[in-house]
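Residue-level listing of the chains:
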Amino acid sequence: MNGAALHLARPEDLERVLPLVAAMHAELGISQTDEARRAALAPLLEGSPHGAVYLIGPQRAPIGYLVVTFGWSVAFGGMDGSVDEIFIRPGVRGRGIASEVLGALCRALKAAGLKAIHIEVDRQDEAARRLYGRCRFEAREPSMRMTRRL
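The structure contained in this document is the topic of the report that follows. A quick note: this is a predicted structure, and the numbers were derived from the prediction, not measured.

Focus on the sheet that holds strand β4 (residues 78–88)
Move 1: Across the sheet, 5 strands lie side by side as β1-β2-β3-β4-β5; this open sheet has mixed pairing. Every other strand in the sheet has two partners, leaving β1 (6–8) and β5 (116–119) as the edge strands with one partner each. Within the sheet, the average angular offset between the axes of one strand and its neighbour, ignoring direction, is 30 degrees.
Move 2: Sheet analysis places strand β3 (residues 64–73) next to β4, joined by 10 bridges and oriented antiparallel. Its bridge partner lying in β4, Gly 64 is registered against Ile 88.
Move 3: Across the sheet, helix α1 (residues 14–28) touches β2 (51–56), β3 and β4, and the angle it forms with β4 is around 85 degrees.
Move 4: Strands in contact with helix α3 (residues 97–111) are β1, β2, β3, β4 and β5; relative to β4, the strand with the most contacts, it is inclined by about 160 degrees.

Have a look at this one:
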């Protein structure tokens with residue numbers, strides 16, 4: 001499927017990524033200024049070793065984006081990653097694009113030496129849980145991710 005094409009985003013893609021991020025944040029009720037979004041995205045677009053931003057679909061007119069961040073896990077035996085954000089425009093959802101994108105991402109990250117990839121999901125979001133399950137993500141019960149803002 002052509003819609004699932006992943007393109008590594010670069011600094012010149014910032015203006016294409018920002019409206020997608022704003023749309024996802026609005027959908028999830030995340031309150032953040034465009035200035036804060038720019039500050040969070042810029043290092044990743046500039047090649048930070050801490051993560052990457054991918055455009056989904058045609059590079060000039062993306063239908064979504066994905067942010068992956070990198071870490072290290074002794075339990076998993078080395079470098080791991082987390083899908084920080086994944087967003088597909090509502091008008092093109094339900095076509096298998098997210099499944100294809102996640103599959104392509106996992107293959108690429110495995111080839112790059114990552115040992116595991118994680119994704120956070122709302123326990124009540126059955127559709128997302130089914131999607132991630134189809135992509136072979138497994139719940140790590142009884143684990144629960146906890147956060148402390150700094």
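Here we look at the pairing of β4
Move 1: Buried residues dominate β4, accounting for 9 of its 11 residues.
Move 2: Turn length for the β3-β4 hairpin, with the two strands adjacent in sequence and antiparallel, is 4 residues, and the turn residue Gly 77 shows positive phi of about 90 degrees.
Move 3: As defined by bridge partners, β4 adjoins β5 across 4 bridges and the pair is classed as parallel. Residue Asp 80 lies in a different strand from β5, and its bridge partner there is Ala 116.

A word on the pattern of salt bridges
Move 1: Enumeration according to the criterion identifies 6 salt bridges in this entry.
Move 2: For the salt bridge of Arg 93 with Glu 27, the shortest nitrogen-to-oxygen distance reads 2.9 Å. Of this pair, Arg 93 sits in the loop between β4 and α3 while Glu 27 is found in helix α1, placing the two residues 66 residues apart along the sequence.
Move 3: A salt bridge links Arg 123 to Glu 141; the nearest nitrogen and oxygen atoms lie 3.3 Å apart. With Arg 123 in the loop between β5 and α4 (126–134) and Glu 141 in the segment after α4, this residue pair connects regions lying 18 residues apart in the sequence.
Move 4: Residue classification places Arg 123 among the partly exposed positions, given a relative accessible area of 39%.

Some thoughts on the packing of α1 against helix α2 (residues 34–45)
Move 1: At a minimum axis distance of 10 Å, the contact between α1 and α2 shows a crossing angle of 125 degrees. Between α1 and α2, the angle is such that the two are oblique. Relative to α2, α1 is oriented so that their crossing is right-handed. Residues Leu 14, Glu 15, Val 17, Leu 18, Val 21, Ala 22 and His 25 of α1 lie in contact with α2, whose contacting residues are Asp 34, Arg 37, Arg 38, Leu 41 and Leu 45.
Move 2: Partitioning the contact of α1 with α2 into residue classes produces 7 nonpolar, 1 polar and 4 charged.

Some words on a nonpolar patch on the surface
Move 1: A cluster of nonpolar side chains, contributed by Trp 72, Val 74 and Met 79, occupies part of the molecular surface with about 390 Å² of accessible area.
Move 2: Relative to the assigned elements, Trp 72 resides in strand β3.
Move 3: Judged by relative accessible area, which is 64%, Trp 72 ranks as exposed.

Rules of the game
- Residues numbered from 1 in each chain as written.
- Predicted model: local features only at pLDDT ≥ 70, side-chain atom pairs only at ≥ 80, totals over all residues.
- Heavy atoms only, no water.
- Pairing = 2+ DSSP bridges.
- Helix = DSSP H or I, 4+ residues; strand = E, 2+ residues; numbered from the N terminus.
- Axes fitted to C-alpha atoms, helices over the stretch in contact; angles between N-to-C directions.
- Contact = heavy atoms within 4.5 Å.
- Buried < 20%, exposed > 50% of the residue type's maximum accessible area, 1.4 Å probe, protein only.
- Salt bridge = Lys/Arg side-chain N within 4 Å of Asp/Glu carboxyl O.
- Parallel < 35°, antiparallel > 145°, perpendicular 65-115°, else oblique.
- Left-handed = near helix turned anticlockwise from the far one by under 90°.
- Nonpolar A, V, L, I, M, F, W, Y, C, P; charged D, E, K, R; others polar.
- Patch = residues over 30% accessible without salt bridge, like charges linked within 9 Å, V, L, I, M, F, W, Y side chains within 5 Å.
- Areas by Shrake-Rupley, 256 points an atom, 1.4 Å probe, with all protein chains shown as cover.

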